[in-house]
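Notes for the structure review
Listed here are the chains, written in short residue letters.
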Amino acid sequence: MITCEEFFLEFGDYLENRVSPEVRKELELHVSQCRVCQVLYDSSCKTVKIVTESGSFDLPKSVSDPIIDRVMARLRAGST
Amino acid sequence: MSFLRAVQLDDKFSPFVAFRESLGFVPNLLRAQTVLPRVIEAHTKLESAVRLREGAISRIQKERILLIVAADRQDTYCVAASSRALSSFGVSNRQIDDLLNKYGHENLSAADLACLQFCLKLSRHAPSVQAEDIEALRAYGFEDKSILETVFVTALAVYSGTLSVGLGPEPDFGARKITSRRVDPPRSAAVHAFLPESHGAAQRKGPYLRAPYLSPKTFSIIHKTYGFIPNFFRSQTLQPDLLEAELEAAGRILLPEDVLTRAQKECILVAVSAANLNSYCVATHCNLLRGLGMSAEEGDQVAADYHLSSLSEADRALLDFAVKLGVRFSGFSRGDILQLRTFGFTEEQILECEVVVAFTNFANTLQMGLGVEPDFEPPLILGQNKVHLSAPPSLPMERGSVAPSLTAMQDPDAGLVAQAQTGKLEAFEELVRRHSQLIYRALVAILGDPVEAQDAMQDALLSAFKHIAGFQGRSKFSTWLVSIARNTAFQRLRGRKEVESLDGGEYEEDREFRPRQVRAWQDNPEQCYSKLEIRQLVESGILGLPAKYRAVVMLRDIEQLSTDEVSRQLGLSAPAVKVRLLRGRLMLREWLSPHFTTRATS
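Residues numbered from 1 in each chain as written. Chains lettered and ligands numbered in written order. Predicted model: local features only at pLDDT ≥ 70, side-chain atom pairs only at ≥ 80, totals over all residues. Heavy atoms only, no water.

1. A few points about the overall build of chain A
This is how it is decided: To qualify as a helix, a DSSP run of H or I must reach at least 4 residues; to qualify as a strand, a run of E must reach at least 2; elements of each kind are numbered from the N terminus. Our radius of gyration is a C-alpha quantity, and the globule rule it is checked against amounts to 2.2 Å times the number of residues to the power 0.38. The buried label goes to any residue with under 20% of its type's maximum accessible area, the exposed label to any with over 50%, and the partly exposed label to all in between, with areas taken from a 1.4 Å probe on protein chains only. In what follows, a contact means two residues having at least one pair of non-hydrogen atoms within 4.5 Å. All accessible areas in this document rest on Shrake-Rupley with a 1.4 Å probe, and a residue is counted as covered only by the protein chains that are shown. By the counting rule applied here, Lys and Arg register as positive and Asp and Glu as negative, while His and the ends of each chain are not counted. We put the charge of a Lys on NZ, of an Arg on CZ, of an Asp on CG and of a Glu on CD.
Within chain A, the regular secondary structure consists of 4 helices and 0 strands. Mapped from its N terminus to its C terminus, chain A presents α and β elements in the order α-α-α-α. Taking 80 residues into account, the globule formula puts the C-alpha radius of gyration at 12 Å, and chain A, at 23 Å, lies well above it. Its C-alpha atoms put chain A at 70 × 20 × 20 Å along the principal axes. Every one of the 80 residues in chain A was classed for burial, and the buried ones make up 45%. Of the contacts formed within chain A by residues at least 6 apart in sequence, a portion of 57% connects residues at least 24 apart. For chain A, the exposed area adds up to about 4000 Å²; of that, 52% sits on carbon and sulfur atoms. Of the charged side chains in chain A, 10 are positive and 13 negative; the average position of the first set lies 11 Å away from that of the second.

2. A few points about the side chain of B:Thr44
Residues and elements named next belong to chain B. Cut-off, in case you're wondering: Here a polar contact means two N or O atoms within 3.5 Å. Within protein one must be a hydrogen donor candidate and the other an acceptor candidate, and residues neighboring in sequence count only if both atoms are side-chain atoms.
Secondary-structure assignment places Thr44 in helix H3 (residues 37-51). Judged by its relative accessible area of 6%, Thr44 falls in the buried class. In terms of polar contacts, Thr44 uses its side chain to reach the backbone carbonyl oxygen of Ile40, at 2.7 Å. Residues in contact with Thr44, not counting those within four places in the same chain, are Pro15, Ala18, Phe19 and Leu30.

3. Overview of the interface of chain A and chain B
The criterion, for reference: By buried area we mean the combined loss of accessible area, with a 1.4 Å probe, across both parts when two parts are placed together. The term salt bridge refers to a pairing of a side-chain nitrogen on Lys or Arg with a carboxyl oxygen on Asp or Glu at a separation within 4 Å. Any residue outside Ala, Val, Leu, Ile, Met, Phe, Trp, Tyr, Cys, Pro, Asp, Glu, Lys and Arg is labelled polar, Gly included; the first ten of those are nonpolar and the last four are charged.
Counting residues at the interface gives 48 residues for chain A and 61 residues for chain B. Together chain A and chain B conceal approximately 5000 Å² of surface at their shared face, both sides included; 64% is due to carbon and sulfur atoms. Summed over the three residues of chain A that lose the most area to chain B, namely A:Phe8, A:Ile50 and A:Phe57, the buried surface amounts to 16% of that side. For the pair chain A and chain B, the interface holds 10 salt bridges. Linking B:Arg234 and A:Glu10 is a salt bridge whose minimum nitrogen-to-oxygen distance equals 2.6 Å. Inspection of the region where chain A meets chain B yields 20 residue pairs in polar contact (both at pLDDT 80 or more). Sorting the residues of the side of chain A that touches chain B by element identifies helix H1 (4-15), helix H2 (21-33), helix H3 (35-53) and helix H4 (61-76) of chain A as the ones contributing at least two each. With 14 residues, the single largest contributor to the side of chain A that touches chain B is H3(A). Looking at the side of chain A that touches chain B, its residues break down into 20 nonpolar, 10 polar and 18 charged.

4. Re the side chain of B:Thr154
Its place among the elements puts B:Thr154 in helix H9 (residues 144-167). Setting aside its immediate chain neighbours within four residues, B:Thr154 contacts B:Ile65, B:Val69, B:Cys119, B:Leu122, B:Ser123 and B:Thr365.

Written out as structure tokens, the structure is:
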């Protein structure tokens, strides 16, 4: 079985689902037998899911529209 | 005697000792490289592993491949060398002549003949190699290990052939006659003509060969230098010895900076690979150029036509020389070396350029022969040309190509941009409303302050309008808008006393990061908090990241752009984006852990 260090070297691509079937097989075997890496993998997947679905830094139209309106008004008035 | 001066090397110089032991002499091709001993070491590593020992295919099979590829290239030096080797293995003069002039002889088995035809196809026009060519070899009984070695030998034939053209060494033995008119070997179909009738070649994508798992430590030199392990190397794991020799050769040729710079060598790799229609190597090395500080657009331009790039006149002459030697070699002569010297290049630099060209041809041949899947999206110039998947042969780019503008199909903003560029304000307004979220997030990513980002948005939009006429469509409009936002944010940062840097080594300290929180998380941790609470947690976590990680996480995970888009927008290489993304995600995981572990939520 591969070591935790080797697992960690492949970890970024594993999270991105960008590993070949041969590499995946090794990583899955490691995760099934190493509790620490299992926690790391599970919680990292959940982190990515939570972050991507959080809707963070959504700029409401109520905020962006007035900014754009001000800019367009300046452009229409011919002063940049 | 050769095109470059020779330097006397110690009798105990280990590559020469190795050649004396295996061949009984030191080939003139090696002696022609004495101004730069490390490239002789590289060449010897490849020769020793690929050619000079029995492997999955025999020495005779290897020399036959080397001979016919050399004959096909009209390369009298390499023909003489392989003819001599075949004679020493008991192959008759008549059989050698038949190989030279008919690419086969009557005693060859159908399998050996099919193998030679495959090698000719690969060396002549690698993009035309397809999965079914590999299936054909399998049907003849070749195992994957043998096929991998066959591809390696062909690549070595191209490597030595390139150097033979570029260095002009005296033959080590009497020259043999090669038919002056190049005889066309049977075309690709003929490979299949020998197939058993039951064979049905399955159409499939690469990688063509089995590649067992090897520890990433095997590739440590590559990982350390480039920050990732390209699929190219992972596809060769069936023969670890060959892979190791290749890695060592690459280390001696590509990594040192004492003669040509890394950027010059990467430009050679890009320009020659583009001329060979190898989108895989172009994409990889454009990314590495980005890691060395060249913009994505400039890298694309080197691939499309370096004559129109902003490289110096000398560097463009270096690439002219490289492409001629690598791809249009029939017109190459000593005069090309003399001409390159007029640009101030030394003999060491010219030799290193030739060796990088040879290695590019070697790598291009391997990649096409193995059907290696891309690590990155190819640049626009080759985006439509999936040459690694056996596109029909097409001509190399005509000189004078500019990295093309994106069409409306590739950039949905193209129509509105054209109108906005004529001063139509409605079109500009539509564009900025469409992308306001992206601009805002790019500003937050760099400024780390949502309120200031809202404030900076107005400046960014005015700046976009001011400069839109100069937008040439070589990147997506959204990418360009982010670059405007980025510049606006940097101007503000410069006004601050403490500036957080987006720069920093490409791959650097990030590998050392280790997680501290190892308590298991809840099954659906986000259900324990309201949406607003989750959002606030994530936002404060992201704002707490160092700028260089925050920018990548914002664009990749919040804005959900692809790795390639993030890399272009931030002016980083894709490997650097991957490293920073992982580090940023792991830091966020540490931040979120106390809230989501079993104990926290129970």
